[in-house]
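In case you want the letters, here they are:
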Amino acid sequence: MPEMWTRGEGHDARLVERLRGGCDLVGRDGELSALRAALSAHRLVTVTGAVGTGKSSLARAVLAPTSYGPCRATVPVRWHDGIPVGRRALTGRIARALSASGPPQDATGTDVTAVVRSFPPGDVLLLLDDVDPVHTECVGLVQTLLMALPELRVLVTSRRPLGLGDEKVVHLGPLRVDAAPARGAARERAAERTPALSPAAELLLSRARERGWSEEAPDPAAVTHVCRLLEGIPLALELAAARLGECTLAELAAHIEDDQCRLADSAPVLRRHRSLRTAVGAVHALCEPAARTVWRRVSVFAGPFTEAAAVFVCADSGLAPRDVPPALALLTATGVLQVPGDPGAVRRPRYRMARSARDFGTERLTAAGELPVTRDRHGVHFRGVAAVAETLWNTGLQRQALQTVHEEHDDLTALVRRGTGLAGAVATDADLCGPEATCEEATGTDPAGLDLAAPGPARPDLTSTDPADADLSGASPAGLDLIGPPPARPDLAAPAPARPDPARADPAGHAETALETVLHLWFWWAVHDHAAEGSAHLSALLPRLPADSALVARGRWLAAWLCAGADPHGAEHLLDLAWPVAVLDGDEALVGRIAHVHGILAWERRDVESAAAYYREAADTVPVGAPGGPPPMVSLAALAVVQAHHIPVAAVRTARRALAQETGRNDAWATALAHYAHALADHRAGRAGRARHRALRALADLESRVDAPHARTALRRLLTSLGPVVVPLHTPVPQYRPLPRPHAGLLPRPAVRRTVPTALDQVE
């Protein structure tokens, strides 16, 4: 039977000619083979995927004469600006394709029986391309055709499956943005020639060169960055390739970061692909009103989110909470939302929105006037997430606390950036490494406070491996990295980001919400090696709030703690500003924690007596179980480290007192610090074996309970200084032989009488 292509639209003819001319799909070899196998084994095959993933191109490629064989009928279904063409439109399109008639006519009177009679005998393959506007009609029509024509095979492209019995679904995802790693000899050969390109990069460059782009050796890192921003979506990559003749890769990346929906092409292969906004808007037009509302409101999420978070942010008087989960399911089925990970896992699914869909939803949210309210609800929710994470940390579930912050990190960062007035700015690495903000901006007086870009004073050498060799005249005392967080040093080579304008202070209270969130996450900045990020957030938030508020005083304490190693003078000035507010408010926990940071600064100055006094004051002042910062157990451990270099006996007493704290059972990090101090005191007292045993146990307990990089490093350094356990060769291992025990009652038990007090009886 002759091949019959529908030539009603010039754009479809261009796609057909493109495939016939040998323009193969890029990066779709596996999907093409899977689709061929599915067509050979099943009568109904549906190619699904999100908008712009290339479903139509893949279907046309598999039906090309050189690929699959003669095509009996090709019936594309189109819409105009996202509106379906009318009732029973699909039936009429099939009838016109089979009759090879001319221009489209009204098909409301077309009978399905007449369509069945129009099919020629023999093996016929029917392509129903892009049936989303007529999805409901397509389900019934395909079921009728398959039952009436036993030899008929149907290939459907749609964003969601039809849901029929013998349907084989081939899901089409984005292209891979990272090149596959080479192995063995291939890795050595790849190192000698040009680095391999990922499928997304190959598509971007090939389409750009087809349009006359002549750059010979583009920067692979810049190309990969653009592909990551576009998330490997083929349509977005082709639209971006059309712009490469007008701008550089760097300018294109900045354009994409601002708004992906503005990508457009004046001469697209398919009419609905003339811009990314048009393609995404067509999906939006086919959604139910509740799904549209949920779409624009969940666009406020910057990363993956849970169903509970979506209900909290989306539900209001016009949208009931019970309507949000069905809308999420519908958006997931149409490809607007993705579910990362295994959908059948025990944990509840987390949803993620593609960047193009998020940009489109933000436009609709702004047009509806709901952006401020939705952002407020988003901020309240994630401030609560930060508070829950701190509660988990304080109650012993520290690994779960870190996992919670890690999962919600994108939205927590977005919340803080809104508080700093940079919500609409482009995020850069310098924003997370530390902005070029001065202490004058944070305090109003001294430019040495939070100037994270200025070089701090020369720090002592921390590379000494033996804590016993450390003294106050040479290397830094051991345990310095344990007492305080690592110094927050920014990347001085990075360009300075845009500074927040104080005149743009957010009246909605986003800065206050953001600062509360940062304070709740003190353990993430100080313990989990994110001091530079926390310092950057604080230096941007503190100028936006009243200087005499208790919240700002806590923020100044945390900023001083995080930058104590890099800028001790600025940290001391911040503490001097925070201390009066803490005293006037009667905040004993803040007063004690300010004393702890003063102890760190005194230890940096090699002032042993002042450091010990400050740590002792902090341990005696901070209430047990007070939230918002480290417990008194940490101050006792720091005091024991100071005492270990001069009074090991007193250090052992202090370490035991720290381990006896009520928080020791719940706080693995503070317990590890106390064990480190006790092991260091044993080492200084000459009990190397006991110190090694204690450090090994502390390290094993720490690694099994929480990820604290600097505490783990300090314990390993201590073990390295103690040296390995040496067992002599050819040493006979003594065999344990139990002594014969007399029968109970035969020998009287001798009376034990101690005349000399033991070491345990001596009280210091």
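These numbers were taken from a predicted model, which means no experiment stands behind them.

(A) Representation of the nonpolar core. Ranked by internal contacts, the top residues of the largest apolar core, which has 123 residues, are Trp295, Phe523, Leu558 and Trp669. It is helix H32 (residues 668-684) that provides the largest number of residues to this core, a total of eleven residues. In contact with Trp669, other than residues within four places in its own chain, are Trp393, Gln398, Trp522, Val527, Trp561, Pro630, Val634, Leu702, Val706, Ala708 and Ala711. Val26, Leu204, Leu249 and Leu263 belong to the second largest nonpolar core, which has 31 residues in total.

(B) Spatial organisation of the sheet that holds strand S8 (residues 350-353). Read across the open sheet, the three strands follow the order S6-S8-S7; overall the sheet is antiparallel. Strands at the two margins of the open sheet, each flanked by one partner only, are strand S6 (305-306) and strand S7 (337-338). Sheet analysis places S6 next to S8, joined by two bridges and oriented antiparallel. Each bridged residue has a counterpart across the sheet, and for Phe305 the counterpart in S8 is Tyr351.

(C) Representation of the packing of aromatic side chains in the model. Applying the stated rule across the entire model yields ten aromatic pairs. Where Trp522 meets Trp561, the ring centres are 6.3 Å apart and the plane angle is 35°; that geometry is what we call tilted. Taken as a pair, Trp522 in helix H24 (residues 522-526) and Trp561 in helix H26 (residues 550-562) lie far apart in primary sequence, 39 residues in all. In this pair, the class of Trp522 matches that of Trp561, namely buried. A centroid spacing of 6.3 Å and a plane angle of 55° characterise the contact between Trp522 and Trp669, whose relative ring orientation is tilted. Within this pair, whereas Trp522 is found in helix H24, its partner Trp669 is found in helix H32, the two being separated by 147 residues in sequence.

(D) Structural detail: the packing of helix H30 (residues 632-644) against helix H31 (residues 648-659). Between H30 and H31, the shortest axis-to-axis distance is 8 Å and the interhelical angle comes to 165°. For the element pair H30 / H31, the angle class is roughly antiparallel. Crossing geometry of H30 relative to H31 is assigned as left-handed. For the pair formed by H30 and H31, the contact residues are Met633, Leu636, Ala637, Leu639, Ala640, Gln643 and Ala644 on the first element and Pro648, Ala650, Ala651, Thr654, Ala655, Arg657, Ala658 and Leu659 on the second. Its residues assigned to classes, the contact of H30 with H31 comprises twelve nonpolar, two polar and one charged.

(E) How the structure looks around the pattern of salt bridges. Going through the model one piece at a time under the given rule, you end up with 21 salt bridges. In this structure, the salt-bridge partner of Arg159 is Asp132, at a minimum N-O distance of 3.8 Å. One end of the pair, Arg159, is in the loop between strand S4 (152-157) and strand S5 (167-172); the other, Asp132, is in the loop between strand S3 (124-129) and helix H6 (135-148), and 27 residues separate them in sequence. Residue classification places Asp132 among the buried positions, given a relative accessible area of 10%. Ionic pairing is found between Arg705 and Asp701, a salt bridge with its closest N-O pair at 3.3 Å. Pair noted here: Arg705 and Asp701 are both in helix H33 (residues 688-705), with a separation of four residues, about one helical turn. A single salt-bridge network, built from bridges that share partners, covers Arg296, Arg297, Asp316 and Glu370.

(F) Representation of the confidence of the model for the protein chain within the structure. With 72% of its residues at a pLDDT of 70 or more, the protein chain has an overall mean of 76. A low-confidence stretch, residues 1-13 stays under pLDDT 50, and its non-local contacts, those more than four residues away or across chains, total 34 contacts. For the stretch residues 424-483, pLDDT sits under 50, and the model shows 159 contacts to residues farther than four places along the chain or on other chains.

(G) Region of the structure containing the pairing of strand S1 (residues 44-49). Summarising burial for S1: six of the six residues are buried, a large majority. Both faces of S1 are covered, namely the face carrying Leu44, Thr46 and Thr48 and the face carrying Val45, Val47 and Gly49. Here S1 pairs with S4 via four bridges, running parallel. Across the sheet, residue Val45 finds its bridge partner in S4, namely Leu155. The pairing of S1 with S5 spans six bridges and is parallel. Of the residues in S5, the one forming a bridge with Gly49 is Leu172.

(H) Seen up close, unusual backbone geometry. Look at Glu231: it is not a glycine, yet its phi comes out positive at around 60°. Inspection of the secondary structure assignment puts Glu231 in the loop between helix H9 (220-229) and helix H10 (234-241). Within the chain, Arg606 stands out as a residue other than glycine whose phi angle is a positive 65°. By the element assignment, Arg606 lies in the loop between helix H28 (588-604) and helix H29 (608-621).

Conventions and cut-offs
- Residues numbered from 1 in each chain as written.
- Predicted model: local features only at pLDDT ≥ 70, side-chain atom pairs only at ≥ 80, totals over all residues.
- Heavy atoms only, no water.
- Core = buried A, V, L, I, M, F, W, Y, C linked by side-chain atoms within 4.5 Å.
- Buried < 20%, exposed > 50% of the residue type's maximum accessible area, 1.4 Å probe, protein only.
- Helix = DSSP H or I, 4+ residues; strand = E, 2+ residues; numbered from the N terminus.
- Contact = heavy atoms within 4.5 Å.
- Pairing = 2+ DSSP bridges.
- Phe/Tyr/Trp six-rings, centres within 6.5 Å; stacked < 30°, edge-to-face > 60°.
- Axes fitted to C-alpha atoms, helices over the stretch in contact; angles between N-to-C directions.
- Parallel < 35°, antiparallel > 145°, perpendicular 65-115°, else oblique.
- Left-handed = near helix turned anticlockwise from the far one by under 90°.
- Nonpolar A, V, L, I, M, F, W, Y, C, P; charged D, E, K, R; others polar.
- Salt bridge = Lys/Arg side-chain N within 4 Å of Asp/Glu carboxyl O.
- pLDDT = per-residue confidence, 0-100.

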